[in-house]
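Structural overview
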Amino acid sequence: MKKIRSIIPTTVVGSHANPSWMWSAINEINSGNYGITDIKETYDDAVDIAILDQTRAGIDIITDGEMRRNNFIQSFYKKMTGLEIREPLRKTGLKSYDSHIRYICKEKITLPNGLGITEEFLYTKKNTHKPIKVTCPGPLTLTIHIRPDQIYKKRLDLAWEFSKIINSELKELVKNGADFIQIDEPSFAIVPGELDEWIKLFNETVKDVHAKIALHICFGNLSSRPRGNRTYKWMFPNLNNANTNQLVLEFANRELKEVEIWQELSPETELSAGVIDVKSFYIETPENVANKIEEILKFGPPEKLLLNPDCGFSQLPRWITKLKLEALVKGSQLIKG
Ligand SMILES: [Zn+2]
């Protein structure tokens, strides 16, 4: 294949891998051995590393690596009022979906200072000239660690509460200059059932948010394991009712299974396709990536395509993450314009 300028933009889904020192620092923070200044410096340094790794690799649209969020959404619960902690159901063995702290609601949930994503964005904006994608968990996904209770009888009641909170955060982000926002809803695939209701929920969450909107649906990635039944097919055509400019979907881990569903997307919706497997230690070659892109392009036009890893890199070591980012960019450059 002849190497030419890449015409299909590359991006990431959200999280970056923690550098080794970050794991030690998190232990120190959790043990109370860091002061406020140490903690701020630690997280700022971690974001700087995420920006550096993506920039060096040549990623076109970067994120802050979600370095300030502990394991995707855990940090948000610490910002909420009205929650009471319950012990994890399983404490032994490999940490996974059943070994997290759970919460119940003692009163109506509030986030007096918001989710803090606007502050994350402002730091990133100050420290890069690259286009930025802001990521934000969707309302359904934010409910995952909270059990329905007297206050919120069903998971959906709670999700509607979060929808209002997220909508205000997104408007604040736009006011501060964010122009590309991705809502993460792996729960669409993990909690089976009421897709039309979730789409209504999603549409209210992004209502009057004047930015490019993406919706990321994957099958879960905790401990590099999926949680949902790995199929998108059942979501179509209804998913086209979601008011999103882009769908961010995972394909690499499933050897491009269901990639033909691109044909079922409404023509104005972009596909941001996973061509790097974040659940594997295998380092893709640029040729592997280019072959995948060519296969994907059988089902839609290059001007509606973006390329990314299947999901965030938080479950991989940083050295592998760097090599996979490089393969993503080099692979995209092998595609003829
Ligand atoms: Zn994901």
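To be clear, the structure that these remarks concern was listed above.
Here is a short report on the structure shown in this document. Just so we're clear, the structure is a prediction, and the values are computed from it rather than from any experiment.

**Some remarks on the pairing of strand β9 (residues 305-309)**
Regular strands show a simple pattern: their side chains alternate between the two faces of the sheet. With respect to burial, β9 is a largely interior element, five of its five residues being buried. Pairing between strand β8 (residues 270-276) and β9: five bridges, direction parallel. Along β9, the bridge assignment pairs I276 with P309. Taken together, β8, helix α9 (residues 286-296) and β9 form a β-α-β motif whose crossover is right-handed.

**So, the coordination of the zinc ion**
Those donors, H216 (NE2), C218 (SG) and C311 (SG), are the protein atoms that reach the zinc ion, and they lie 2.1 to 2.3 Å from it. Read in sequence order, the donor residues coordinating the zinc ion give the pattern H-x1-C-x92-C. In this structure, H216 and C218 share a single accessibility class: buried.

**A short note on empty space enclosed by the protein**
Enumeration over the complete set of coordinates arrives at one cavity of 30 Å³ or more. There is about 70 Å³ of room inside the largest cavity. What lines the largest cavity is simply D64, R69, I117, E120, F121, T124, I132, K133, V134 and T135. For the lining of the largest cavity, the elements supplying multiple residues, two or more each, are α4 (117-126) and β3 (134-137). Counting residues per element, the lining of the largest cavity draws most heavily on α4, at four residues. The residue makeup of the lining of the largest cavity, split by class, is four nonpolar, two polar and four charged.

**Considering the sheet that holds β3**
Pairing is parallel across the open sheet formed by six strands, whose spatial order is β3-β5-β6-β7-β8-β9. The open sheet is flanked by β3 and β9, the only strands paired with a single partner. Taking each pair of neighbouring strands and ignoring which way they run, the sheet shows an average axis angle of 25°. Pairing between strand β6 (residues 212-217) and strand β7 (residues 246-249): four bridges, direction parallel.

**What to know about the packing of aromatic side chains**
For any two aromatic rings, the description comes down to two numbers: the centre-to-centre distance and the angle of the planes. Considering all chains together, one arrives at four aromatic pairs under this definition. Taking 5.5 Å as the distance between ring centres and 35° as the angle between the ring planes, the aromatic pair formed by F188 and W198 counts as tilted. Residue F188 is located in helix α7 (residues 187-190), and its partner W198 is located in helix α8 (residues 195-205); the two are separated by 10 residues in the primary sequence. Overall, the relative accessible area of 1% leaves F188 in the buried class. Using a relative accessible area of 2% as the deciding quantity, one classes W198 as buried. Members of the aromatic cluster, joined through ring pairs, are F219, Y232 and F251. The residue whose ring lies beneath R68 is Y123, and the NZ or CZ to ring-centre distance is 4.8 Å.

Definitions and cut-offs
- Residues numbered from 1 in each chain as written.
- Predicted model: local features only at pLDDT ≥ 70, side-chain atom pairs only at ≥ 80, totals over all residues.
- Heavy atoms only, no water.
- Buried < 20%, exposed > 50% of the residue type's maximum accessible area, 1.4 Å probe, protein only.
- Helix = DSSP H or I, 4+ residues; strand = E, 2+ residues; numbered from the N terminus.
- Pairing = 2+ DSSP bridges.
- Right-handed = clockwise from strand over helix to strand, strands pointing away.
- Donors = N, O, S within 2.8 Å, 3.2 Å for Na, K, Ca; no water.
- 1 Å grid on protein atoms, 1.4 Å probe; cavity = no way out; pocket = protein on both sides within 12 Å on 5 of 7 lines; lining within 4 Å.
- Points joined across faces, edges and corners; volume = space filled by probe spheres on them.
- Nonpolar A, V, L, I, M, F, W, Y, C, P; charged D, E, K, R; others polar.
- Axes fitted to C-alpha atoms, helices over the stretch in contact; angles between N-to-C directions.
- Phe/Tyr/Trp six-rings, centres within 6.5 Å; stacked < 30°, edge-to-face > 60°.
- Lys NZ or Arg CZ within 6 Å of the ring centre and 35° of its normal.

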